[in-house]
Amino acid sequence: RKMSKTVLITGCHKGIGLGLVNQYLKEGYKVVATTRHVEESTELKECLKKAGEDPVIKMDVTDDASIEAALKETQKRIDKLDILINNAGITNRNHPEDKALEINRQEMLDVYNTDVVGALVVTRAFRPLMEKSDVKKVKGNGFCVPFVPPGIKCMKIPYSPTIFEAPRIIRP
């Protein structure tokens, strides 16, 4: 099958990320799926294999060497990147029941490093591939908006309560 559009999704071993992989595959995209949990990603591996896609790429968005290795592997697979979805993220241990004033400093720093800094570093690393695209879209949880390079559109992913609702409302 001929796929003209490409999408890279971070954090797709389960939940919304896995739902996004399935949705973009259904829409005919060439999907580059990344996660730090490759060994635990049985459903993702099966989904990619069934669709005839390349295997999942290991990428930890808090580790610069991991991001660089993922970029190199991605460059072997695609020559342009139309859509980058910064889905990788963590929450604090008691989410969503915890109160803001009860979250400890290290938990908040870990969340910030993954959800905000990770999106920035991934977007910066994959920028050269995005610049080769006519589409040039970055999607994320809202934190990536200030970091998007000129000429690249940023769209906030409207997270929904269930994974089954998310793919219906997210469109490139």
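Provided above is the structure to which this section pertains.
For clarity, every value in this text was computed on a predicted model and none was experimentally measured. Numbering of residues starts from 1 in every chain and runs along the sequence as written. Under the rules for a predicted model, residues below a pLDDT of 70 receive no local features and side-chain atom pairs below 80 are neither given nor counted, while totals for whole chains, interfaces and linings still include all residues. The basis for the side-chain values is all heavy atoms of the structure; hydrogens and waters are excluded.

*Asks:* Sorry, what's going on with empty space enclosed by the protein here?
*Replies:* Over the atoms, a rolled probe matching the size of one water molecule traces out where space is still vacant. Definitions used throughout: a 1 Å grid over protein atoms alone; a cavity as a set of points that fits a 1.4 Å probe which cannot get out; a pocket as an open set with protein on both sides within 12 Å along at least five of seven lines; a lining residue as one with an atom within 4 Å of a point. Grid points are joined across faces, edges and corners, and a volume is the space filled by probe spheres set on the points. Under the counting rule described, the total for this entry stands at one cavity of 30 Å³ or more. A volume near 40 Å³ is recorded for the largest cavity. Taken together, Thr10, Val61, Asn86, Ala88, Thr114, Asp115, Gly118, Ala119 and Val122 make up the full set of residues lining the largest cavity. The element contributing the most residues to the lining of the largest cavity is helix H4 (residues 105-130), with five residues. Helix numbering and strand numbering both begin at the N terminus, where a helix is a DSSP run of H or I of at least 4 residues and a strand a DSSP run of E of at least 2.

*Asks:* It is not clear to me how the nonpolar core should be interpreted in this structure. Could you clarify?
*Replies:* One broad trend across soluble globular proteins is that nonpolar side chains are buried collectively. As used here, the term nonpolar core means buried Ala, Val, Leu, Ile, Met, Phe, Trp, Tyr and Cys residues forming a set that is joined through side-chain atoms within 4.5 Å. Three labels apply to residues, based on accessible area from a 1.4 Å probe with only protein chains included: buried if under 20% of the type maximum, exposed if over 50%, partly exposed otherwise in between. Within the largest apolar cluster, 20 residues are counted, with the highest numbers of intra-cluster contacts made by Val7, Ile9, Val21, Tyr24, Val31, Ala33 and Leu44. At the level of elements, strand S1 (6-9), helix H1 (15-26), strand S2 (30-35), helix H2 (42-50) and strand S4 (83-86) are the ones that each hand at least two residues to this core. At six residues, H1 tops the list of elements feeding residues into this core. Within the second largest apolar cluster, 18 residues are counted, among which are Val61, Ala70, Leu71 and Ala125.

*Asks:* Is there a simple way to think about the packing of H1 against H2 in this case?
*Replies:* The packing of two helices is summarised by the inter-axis angle and the distance between the axes. To get an axis, fit a line to the C-alpha atoms, keeping to the stretch in contact for a helix; angles then go from 0 to 180 degrees between the N-to-C directions. For the pair H1 and H2, the least separation of the axes is 11 Å and the interaxial angle reads 5°. Judged by the angle between their axes, H1 and H2 are roughly parallel. Residues Leu18, Val21, Asn22 and Leu25 of H1 form the contact with H2, whose participating residues are Glu43, Leu44, Cys47 and Leu48. Class assignment of the residues belonging to the contact of H1 with H2 gives a composition of six nonpolar, one polar and one charged. Angles are sorted into four bins: roughly parallel if under 35 degrees, roughly antiparallel if over 145, roughly perpendicular if 65 to 115, and oblique for all others. Note on contacts: a residue pair qualifies if any of its non-hydrogen atoms lie within 4.5 Å across the two residues. Polar here means any residue other than Ala, Val, Leu, Ile, Met, Phe, Trp, Tyr, Cys and Pro, which are nonpolar, and Asp, Glu, Lys and Arg, which are charged; Gly is therefore polar.

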